[in-house]
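Survey of secondary and tertiary structure
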Amino acid sequence: MLATTLAAATAALHAQTPDDGDAFDLIAGYSVRHESNLFRLADGADTQAALGSSSKSDLIGIATLGIKVNKPYSLQRFELDASLVNYRYRDFDYLDFTARNYAAAWRWQLTPALRGNLTSTRTEALNSFSDYTNYGVRNVRTDEQHRLDAVFDVDGAWRLLGGVARTERRNSETFFEESDNRLDTVE
């Protein structure tokens, strides 16, 4: 097994979730994960030459602090799920980083016939060493998506739909297998 969770604890600082009618929650959590082959090296690989260490395993502490908001206001609904996720490696501490992630949405409605969504998400994660083989460098991937869409009920079964979106991926280091890119779309 490549990853084993040794201990995990997540505490909601409020008893209800936003889905239960509560508009605001704070989330805190901590877990410890053991990676037996963090760099995804082949069996028999010379770990000393590749990593400068005789071990290819590590123990990772992951602390999370987040907030969730889900608030209706008249015909509108506002949603936010934001978190800071702090990764700390015991042996390979140059891989330490803090991810700033969020998902935000405004579910808007002007009339019962005209409605839509304005959404934005961001996630940060360490690129997998199964693809990225520069073992001495931390390479964090950031994915962002932004979208605006609308629906207008014209009459009966007829609807007008439209939307625009932007998806963007960036790497903190040059990564030829998966370079930075941006995609703009219109519907």
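Up top you'll find the structure we're talking about.
In this report, we go over the structure that sits alongside the text. (Residues numbered from 1 in each chain as written. Predicted model: local features only at pLDDT ≥ 70, side-chain atom pairs only at ≥ 80, totals over all residues. Heavy atoms only, no water.)

With respect to the nonpolar core
Ranked by size, the top nonpolar core spans 18 residues in total, and within it L38, F39, Y87, Y89, L95 and F129 carry the most contacts. Breaking this core down by element, the ones donating at least two residues are β3 (58–73), β4 (76–89) and β5 (97–111). The leading source of residues in this core is β4, at three residues. (Core = buried A, V, L, I, M, F, W, Y, C linked by side-chain atoms within 4.5 Å. Buried < 20%, exposed > 50% of the residue type's maximum accessible area, 1.4 Å probe, protein only. Helix = DSSP H or I, 4+ residues; strand = E, 2+ residues; numbered from the N terminus.)

A few points about the pattern of salt bridges
Counted under the stated rule, the structure contains 18 salt bridges. For R88, the salt bridge is made with D96, and the minimal N-O distance between the two is 3.7 Å. Given a relative accessible area of 17%, D96 falls into the buried group. A salt bridge links R182 to D184; the shortest N-O distance between them is 3.6 Å. In this structure R182 comes out as exposed when scored by relative accessible area, which is 51%. Several salt bridges converge on common partners, so that one network encompasses R100, R122, E124, E144, E168 and R170. (Salt bridge = Lys/Arg side-chain N within 4 Å of Asp/Glu carboxyl O.)

Looking at the environment of L148
Mapped onto the elements of the fold, L148 is located in strand β7 (residues 140–155). Residue classification places L148 among the partly exposed residues on the basis of a relative accessible area of 39%. In this structure, the C-alpha to C-alpha distance between L148 and V186, residues 38 residues apart in sequence, is 9.7 Å. Not counting the four nearest positions on each side in its chain, L148 is found in contact with W108, N117, L118, G162, G163 and V164. (Contact = heavy atoms within 4.5 Å.)

Details of unusual backbone geometry
Here the phi dihedral of R40 falls at roughly 55°; this positive angle occurs in a residue that is not glycine. With respect to the helices and strands, R40 occurs in the loop between β2 (24–35) and α1 (47–51). Phi is positive for S74, which is not a glycine, with a value near 60°. Examined against the element boundaries, S74 turns out to sit in the loop between β3 and β4. With relative accessibility at 70%, the residue S74 sits in the exposed group.

As for the packing of aromatic side chains
Taken as a whole and judged by the stated rule, the model has seven aromatic pairs. The interplanar angle of 85° and the centroid separation of 5.7 Å between the aromatic rings of F39 and Y135 together place this pair among those described as edge-to-face. Taken together, the positions of F39 in the loop between β2 and α1 and Y135 in the loop between β6 (114–126) and β7 put the pair 96 residues apart, joining distant regions of the chain. An identical accessibility class is assigned to F39 and Y135; each is buried. Both rings, one in F78 and one in W106, keep their centres 6.1 Å apart while their planes meet at 15°; by these two values the pair is stacked. Placement of F78 in strand β4 and of W106 in strand β5 is noted, with a sequence separation of 28 residues between them. (Phe/Tyr/Trp six-rings, centres within 6.5 Å; stacked < 30°, edge-to-face > 60°.)

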